[in-house]
Amino acid sequence: MRRHHSTTPRTTRTIRATRITRTTRPTRPIRPIRPFRLSRLTRALGALLLVAATGALTMGAAPAEPRRAAIPLDQVIPAPVSVESGGTPYRITSGTHIRVDDTPEVRQVGTYLAEILRPSTGYRLPLTTQGDGGIRLRLAKGPYGAEGYRLDSGAKGVTITAQEPAGLFHGVQTLRQLLPAAVEKKSVQPGPWLVAGGTIQDRPRYAYRGAMLDVARHFFTVEQVKRYIDQLALYKINKLHLHLSDDQGWRIAIDSWPRLATYGGSTQVGGGPGGYYTKDEYREIVRYAASRHLEVVPEIDMPGHTNAALASYAELNCDGVAPPLYTGTKVGFSSLCVNKEITYDFVDDVIREVAALTPGRYLHIGGDEAHSTSPEDYAAFMDRVQPVVARYGKTVIGWHQLTGANPAKGALAQYWGLDSTSEAEKAQVARAARNGTRLILSPADRVYLDMKYTKDTPLGLAWAGHVEVQRSYDWNPGSYLPDVPESAVLGVEAPLWTETLSTSAHLETMAFPRLPGAAELGWSPAATHDWDTYKVRLAAQAPRWDALGIAYYRSPQVPWPAA
Ligand code: ACM
């Protein structure tokens, strides 16, 4: 048998959840007023009175609204560091303001929140820098770090406090999950819009919480990528790794080598038309990701996984002959020509242009499955390429095969092995980690979101086995690899490879419900880790996905509410 399930022992949770009791007044039906047989003037007056009455009513009890308890503060994914429930819930009404610090960054978070709340509540929710009460977003010094926040909710309002705008943004995601799922809809929904009373204090376990999207095997448009970014933001993921080149397609315009995109990007798995991002389109993805506090990590996979480049430029091949474009799903058959000088001109140009487009810290150079490159050539290639990344101001990330060469100082290695990966390979990664190479953990039999859930999953691959939701969640990044110190782990990333995926619904069906689990592994303290309580929180997300139109797999391991 390929694997066994390991269960993480339950440790004491820092979360203290107390039951929330509803403190709003019970609802009472209202008789509709019919402007029947009235003069126009009386009708106008009646309408005015009705508007006034409705306004007054929304400030107090809300007739015609369903009875609804506030969502408990500890139902959020990722689980917060600490929760103290209690006190009166805050109720968002037509009179609620969103109060922000008077800075562009805080205003931007406020506007983002307003854009979520306005369509479904139907309230104006104006942004203001004055007054009191309502929803407040404020920056202040405190124990929040770069991404942490504190959320205080009570009768008068909800205040989110953070040291940085990213913390406010993550706090807004918490607030969003504390409101009924209907808040995600784009048309006016009945309230009440209650936020349970109490305090959440929260900050991430890991600085790197990533998701990778393979736009090479199948191309995904800017709009599709933005949709995925919005889904990642809901779970506080802060890195979008874009796999921009592979055997089947080159997806980013490079001015100095234009055929990479125009020819190398002209197809995809199965032979569809493919596509590529112009520089402006890529900039738009970067801008949109930044507006959701995600950093884009571009990957140009080298020296293998390069058929699209080799097909575009004959001179990059050792024999000077361009291979045909490739639309299959094999791996390991292509390699840049390590002994040709032009290869390094190519690499320099590509890295320079991609680095110039990318404000983020990282540039991923792939390095996986270079089965057509000898180990000596591989090491020689990486020795030349890593300094190029540094010269253009970026930090190298490579798949963990880089640890078999000479990782540059400060380089990160992304581990994608399995339980069954050889001890020698794990030891090689651990040695590099002890020597200072920090790790991003993406174990394929845990968080490769393209792995089938079961043998009956229609989409996805199964080379790393079947990965059901519990297996995907139930591991501890801090103690996952033997002999790797916890401090060597920079974070967790959930890759989504797209050999079999070509629509947003495909992506979502594979990502949901596993992606929130990967996000929780990256964010939440180990002490909160517990499958039995997690699966209940996960189930409670389903109405939110329904409201957002997110497709997902209804795993029998999760106690979903009735559909
Ligand atoms: C990989 O899955 N080849 C990184």
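The structure reproduced in this document is the subject of the present report. These numbers come from a predicted model, not from an experiment.

### Some points on helix α13 (residues 504–511)
Here's step 1: Taken as a whole, α13 has its buried residues at S504, L507, E508, M510 and A511. Buried residues of α13 fall within an arc of 165 degrees about the axis and therefore sit on the same side.
Here's step 2: Elements that come into contact with the buried residues of α13 comprise β10 (208–214), α4 (222–233), β19 (489–496) and α14 (514–523).

### Regarding the sheet that holds strand β15 (residues 362–366)
Here's step 1: Judged by pairing direction, the barrel is parallel, and its eight strands sit side by side in the order β10-β11-β14-β15-β16-β17-β18-β19 before closing back on the first. Ignoring which end each strand starts from, the neighbouring axes of this sheet average 30 degrees apart.
Here's step 2: Sheet contacts for α4: β10, β11 (239–243) and β19; angle to β11, the most-contacted strand, approximately 145 degrees.
Here's step 3: Against the sheet, helix α9 (residues 375–391) makes contact with β14 (295–302), β15 and β16 (395–399), and its axis sits at roughly 160 degrees relative to β15, the strand it touches most.

### As for helix α6 (residues 279–291)
Here's step 1: The first and last C-alpha atoms of α6 sit 18 Å apart over 13 residues, in line with the 18 Å expected at 1.5 Å per residue.
Here's step 2: Burial in α6 covers these residues: K279, Y282, I285, V286, Y288, A289 and S291.
Here's step 3: Check the buried side of α6 and you find it contacts α2 (104–121), α3 (165–178), α4, β11, β14 and α8 (341–357).
Here's step 4: The positive-phi residue at the C-terminal boundary of α6 is H293, with phi of around 60 degrees.

### Notes on the packing of aromatic side chains
Here's step 1: Here the structure, examined in full by the defined rule, presents 24 aromatic pairs.
Here's step 2: Judged by centre distance (5.0 Å) and plane angle (65 degrees), the ring pair of W545 and Y552 falls under edge-to-face. Summarising the burial analysis for this pair, W545 and Y552 share the class buried.
Here's step 3: Through pairs of rings, three or more aromatic residues link up here, namely Y235, F512, W545, Y552 and W560.
Here's step 4: Across the ring face of W523, the terminal group of K236 is positioned such that the distance to the ring centre comes to 5.6 Å.
Here's step 5: The ring of Y453 is capped by R514, whose NZ or CZ atom sits 3.7 Å from the centre of that ring.

### Details of unusual backbone geometry
Here's step 1: With an omega of -5 degrees, the peptide bond running from I77 to P78 counts as cis.
Here's step 2: Residue L125 is not a glycine yet carries a positive backbone phi of 45 degrees.
Here's step 3: Note that L125 resides in the loop between α2 and β4 (127–128).
Here's step 4: Using a relative accessible area of 0% as the deciding quantity, one classes L125 as buried.
Here's step 5: Backbone geometry places D483, a non-glycine residue, at a positive phi of 65 degrees.
Here's step 6: Tracing the backbone through its elements, the reader meets D483 in the loop between α12 (469–473) and β19.

### Here we look at the state of the cysteines
Here's step 1: Using the criterion set out here, one finds one disulfide in the structure.
Here's step 2: The side chain of C318 participates in a disulfide bridge whose partner is C337; the two sulfur atoms lie 2.0 Å from each other. Its torsion about the S-S bond being 100 degrees, the disulfide of C318 and C337 is classed as right-handed. Within this pair, whereas C318 is found in the loop between α7 (307–312) and α8, its partner C337 is found in the loop between α7 and α8, the two being separated by 19 residues in sequence.

### Structural notes on the pattern of salt bridges
Here's step 1: One pass over the full model with this rule turns up 30 salt bridges.
Here's step 2: Of the charged contacts, one joins E499 and R217 as a salt bridge, the two residues approaching to 3.5 Å between their closest N and O atoms. Of the two residues, E499 sits in the loop between β19 and α13 while R217 sits in the loop between β10 and α4, which places them 282 residues apart along the sequence.
Here's step 3: R217 sits in the buried class, given a relative accessible area of 2%.
Here's step 4: Its salt-bridge partner being D532, residue K535 comes within 3.6 Å of it at the nearest N-O pair. In this pair, K535 and D532 both sit in helix α15 (residues 531–539), three residues apart, roughly one turn of the helix.
Here's step 5: Take K535: its relative accessible area is 23%, and that puts it in the partly exposed class.
Here's step 6: Among the residues examined, D532 registers a relative accessible area of 48% and is labelled partly exposed.
Here's step 7: Each of the salt bridges in this network shares a partner with another, and the network as a whole consists of D214, R217, D246 and E499.

Thresholds applied
- Residues numbered from 1 in each chain as written.
- Predicted model: local features only at pLDDT ≥ 70, side-chain atom pairs only at ≥ 80, totals over all residues.
- Heavy atoms only, no water.
- Buried < 20%, exposed > 50% of the residue type's maximum accessible area, 1.4 Å probe, protein only.
- Helix = DSSP H or I, 4+ residues; strand = E, 2+ residues; numbered from the N terminus.
- Arc of directions from axis to C-beta.
- Contact = heavy atoms within 4.5 Å.
- Pairing = 2+ DSSP bridges.
- Axes fitted to C-alpha atoms, helices over the stretch in contact; angles between N-to-C directions.
- Expected span 1.5 Å × (residues − 1).
- Phe/Tyr/Trp six-rings, centres within 6.5 Å; stacked < 30°, edge-to-face > 60°.
- Lys NZ or Arg CZ within 6 Å of the ring centre and 35° of its normal.
- Disulfide = S-S within 2.5 Å.
- Salt bridge = Lys/Arg side-chain N within 4 Å of Asp/Glu carboxyl O.

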